[in-house]
Amino acid sequence: MDEILKYFPDLTDLQIEQFQKLDFLYHDWNEKINVISRKDIDSLYTKHILHSLGIAKIMKFEPGTTVLDVGTGGGFPGIPLAILFPETRFYLIDVIAKKIKVVQGVADALELKNVKAEQKRAELVKGDFDFIVSRAVTNMPDFVSWIKDKIKKQHKHKLKNGILYLKGGDLAEELKDFPNATLYNLADHFEDEFFETKKVVHLPLKFKP
């Protein structure tokens, strides 16, 4: 928890309380439904919560922004971002029902009113969003094919509407067909060695009626 406060010192008392509760909630749920690997659960704040909040170092969501989290797993990056941006609406989806059960349980325990969780494939989602976030669920070409028709037309942020993708390693080959993608190194924002190769990829996408 100290790591979160180190990099996000302006949290409200409610946000601090919610972030603190994540430790118990995920350990408790993980005993029932294994959504985080056993070796990672003890590094929850670094490898899952802070990693998710890397998106917040690149993008400050304006009130009323709508965000789709595809392949959310146990709720990452959606749940930490929903705590940080209570006036942004988050729609968290995953194809695996038990993972969505965990997400809903965590959101309910934290009384997050800005989170909707559903078992659904990205291709079947109706509506459009300012941003679509994810944490390395697949390669970028496939990901774009899933969500390319779900981007809002009107922009209200410095960065254009599109994808904010958490990924690591060498992405040159994967992004060769996306020359307008911008990579942001999380090592520029977080000191832990875990972030040395971690990036946020911003890929603007055009509205498709």
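Fair warning: this is a prediction, and the values are worked out from it, not measured in the lab.

Undergrad: I'd like a rundown of the pairing of strand 1 (residues 66–70), residues and numbers included.
TA: The buried count for strand 1 comes to five of five residues, which makes it a mostly enclosed element. With burial as the criterion, each face of strand 1 is covered, one bearing Thr-66, Leu-68 and Val-70 and the other bearing Val-67 and Asp-69. Inspection of the sheet shows strand 1 paired to strand 2 (residues 89–94) by five bridges, in the parallel sense. Bridge pairing in strand 2 links Asp-69 to Leu-92. Taking the sense of rotation as the criterion, the β-α-β connection linking strand 1, helix 5 (residues 78–84) and strand 2 turns out right-handed.

Undergrad: So what's going on with the packing of aromatic side chains? Residues and values would help.
TA: Remark: the centre distance and the inter-plane angle together describe each pair of aromatic rings, the angle taken between the planes. Counted by the stated rule, this structure contains 10 aromatic pairs. Ring geometry for Phe-143 and Trp-146: centres 6.0 Å apart, planes at 55°, overall tilted. Taken together, the residues span about one helical turn, with Phe-143 and Trp-146 both in helix 7 (residues 140–147) at a distance of three residues. The class for Trp-146 is partly exposed, based on a relative accessible area of 25%. For the pair Phe-190 and Phe-195, a centre-to-centre distance of 4.9 Å together with 55° between the ring planes defines the contact as tilted. Look at Phe-195 and you get buried, because its relative accessible area is 0%. One aromatic cluster in this structure is built from Tyr-7, Phe-190, Phe-194 and Phe-195. Positioned above the aromatic ring of Trp-29, the side-chain terminus of Lys-32 is 4.3 Å from the ring centre. A cation sits over an aromatic face here: Lys-57 above Phe-8, 4.5 Å from the ring centre.

Calculation rules
- Residues numbered from 1 in each chain as written.
- Predicted model: local features only at pLDDT ≥ 70, side-chain atom pairs only at ≥ 80, totals over all residues.
- Heavy atoms only, no water.
- Buried < 20%, exposed > 50% of the residue type's maximum accessible area, 1.4 Å probe, protein only.
- Helix = DSSP H or I, 4+ residues; strand = E, 2+ residues; numbered from the N terminus.
- Pairing = 2+ DSSP bridges.
- Right-handed = clockwise from strand over helix to strand, strands pointing away.
- Phe/Tyr/Trp six-rings, centres within 6.5 Å; stacked < 30°, edge-to-face > 60°.
- Lys NZ or Arg CZ within 6 Å of the ring centre and 35° of its normal.

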